[in-house]
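Chain by chain, the residues run as shown.
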Amino acid sequence: KDEERTVFVGNLPLSITRKKLAALFKDKGCGPVASCRIRSVPVTGIKLPQDRAGNQRMMKKVCVNTKQIDDTLTDTVQGYVVFKNLDTVAKALELNNKLVFEDMRIRVDRATPTVDPSRSVFVGNLPYGTKESTLQDHFQKGCLFEDGDVVGVRIVRDKETFQCKGFGYVLFSEKSLVPAALKLHQSTYMKKSI
């Protein structure tokens, strides 16, 4: 089954390509990659022929292929990697939260994401410009957590503008870390009380 051999990869740089994404996992010893997809690319938009007008999927595909990217909307994209062998997925999941690109920690999860409410906190009143990396740093430093205590950050974004919708979730390695994280209630993040 493809879904079992697929991982989601978040917080990738806008410059990533399918070839670079496959190479990243291959270089980290995760085994052979069957295919890669890049998603959530902010495009400028183009006018399509009248018989194709309204076909958003085609418009986005043409924009990506012709490099008509709007880097003012966001500087990150997401991807999916399908491995040839199921046993290599565990190795890929070990790359979660690792600094791979300059100052960007990638998020690696199964295609059906890990959701554990007992190890997560909801974060509201987030600014439009929220980034996964800076929100993770806010919790890491504010709670004096060690590296690896924050397993992942998920920002809920608008599909068109890619701006934060004002809320997200932070997942921790253990549920015992949640009380410390809750102490950041009404702390200041990017000049806003969250």
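Residues numbered from 1 in each chain as written. Predicted model: local features only at pLDDT ≥ 70, side-chain atom pairs only at ≥ 80, totals over all residues. Heavy atoms only, no water.

Following the criterion strictly, the structure yields five salt bridges and no others. The partner of Arg157 in a salt bridge is Glu132, and the shortest N-O contact between them spans 3.3 Å. Linking Arg157 in strand 8 (residues 150-157) with Glu132 in helix 4 (residues 132-142), this pair joins segments that are 25 residues apart in sequence. (Salt bridge = Lys/Arg side-chain N within 4 Å of Asp/Glu carboxyl O. Helix = DSSP H or I, 4+ residues; strand = E, 2+ residues; numbered from the N terminus.)

Here three strands make up an open sheet; going across it, the order is 7-9-8 and the pairing antiparallel. Strands at the two margins of the open sheet, each flanked by one partner only, are strand 7 (120-124) and strand 8. Direction aside, neighbouring strands of the sheet carry axes that sit 20° apart on average. Contacting strand 7, strand 8 and strand 9 (164-172), helix 4 runs over the sheet at an angle of about 135° to strand 8. (Pairing = 2+ DSSP bridges. Axes fitted to C-alpha atoms, helices over the stretch in contact; angles between N-to-C directions. Contact = heavy atoms within 4.5 Å.)

Mapped onto this numbering, the UniProt entry gives "domain: RRM" (unreviewed entry) at residues 5-113 and 119-194. The distance separating the terminal C-alpha atoms of residues 119-194 is 19 Å; by composition the span is 21% helix and 34% strand. (UniProt positions renumbered as here; feature names shortened; annotations may be inferred.)

So, on to the sheet that holds strand 6 (residues 107-110). By definition, the strands of a sheet pair up through backbone hydrogen bonds, in either a parallel or an antiparallel sense. With respect to topology, four strands assemble into an open sheet ordered 2-3-1-6, the strand pairing being antiparallel. In this open sheet, the two strands that pair with only one neighbour each are strand 2 (33-39) and strand 6. Within this sheet the neighbouring strands show an average axis-to-axis angle of 20°, counted without direction. Judged from the four bridges that link them, strand 1 (residues 6-13) and strand 6 form a sheet pairing that is antiparallel. Of the residues in strand 6, the one forming a bridge with Gly10 is Arg107. On top of the sheet, helix 1 (residues 18-27) reaches strand 1, strand 2, strand 3 (76-83) and strand 6; it is set at about 130° to strand 2, its chief contact.

For the rest of this paragraph, the subject is unusual backbone geometry. One non-glycine residue with positive phi stands out, namely Asn11, at about 60°. Along the chain, Asn11 turns up in strand 1. With a phi angle near 70°, Lys191 is a residue other than glycine that sits in the positive phi range. Position of Lys191 among the secondary structure elements: in the loop between strand 10 (188-189) and strand 11 (192-193). Take Lys191: its relative accessible area is 82%, and that puts it in the exposed class. (Buried < 20%, exposed > 50% of the residue type's maximum accessible area, 1.4 Å probe, protein only.)

Here we take up the domain arrangement of the protein chain. Here the protein chain is partitioned into domain 1 (3-110) and domain 2 (117-193). Taking only C-alpha atoms into account, the centre of domain 1 sits 23 Å from that of domain 2. Listed by partner, the interface residues are 12 residues for domain 1 and 14 residues for domain 2. Each partner contributes to the roughly 1100 Å² buried at the junction of domain 1 and domain 2, and carbon and sulfur atoms together form 40% of this total. The largest per-residue losses of area from domain 1 upon contact with domain 2 belong to Asn97, Arg105 and Arg107, which jointly make up 40% of the total buried on that side. At the boundary of domain 1 with domain 2, the tally comes to one salt bridge. For Arg105, the salt bridge identified is with Asp147, shortest N-O distance 3.3 Å. Taken together, the links from domain 1 to domain 2 amount to five residue pairs in polar contact (both at pLDDT 80 or more). A class-by-class count of the residues in the side of domain 1 that touches domain 2 yields three nonpolar, five polar and four charged. (Domains from an automatic or database assignment. Buried area = accessible area lost by both parts, 1.4 Å probe. Polar contact = N/O pair within 3.5 Å; in protein donor to acceptor, adjacent residues only side chain to side chain. Nonpolar A, V, L, I, M, F, W, Y, C, P; charged D, E, K, R; others polar.)

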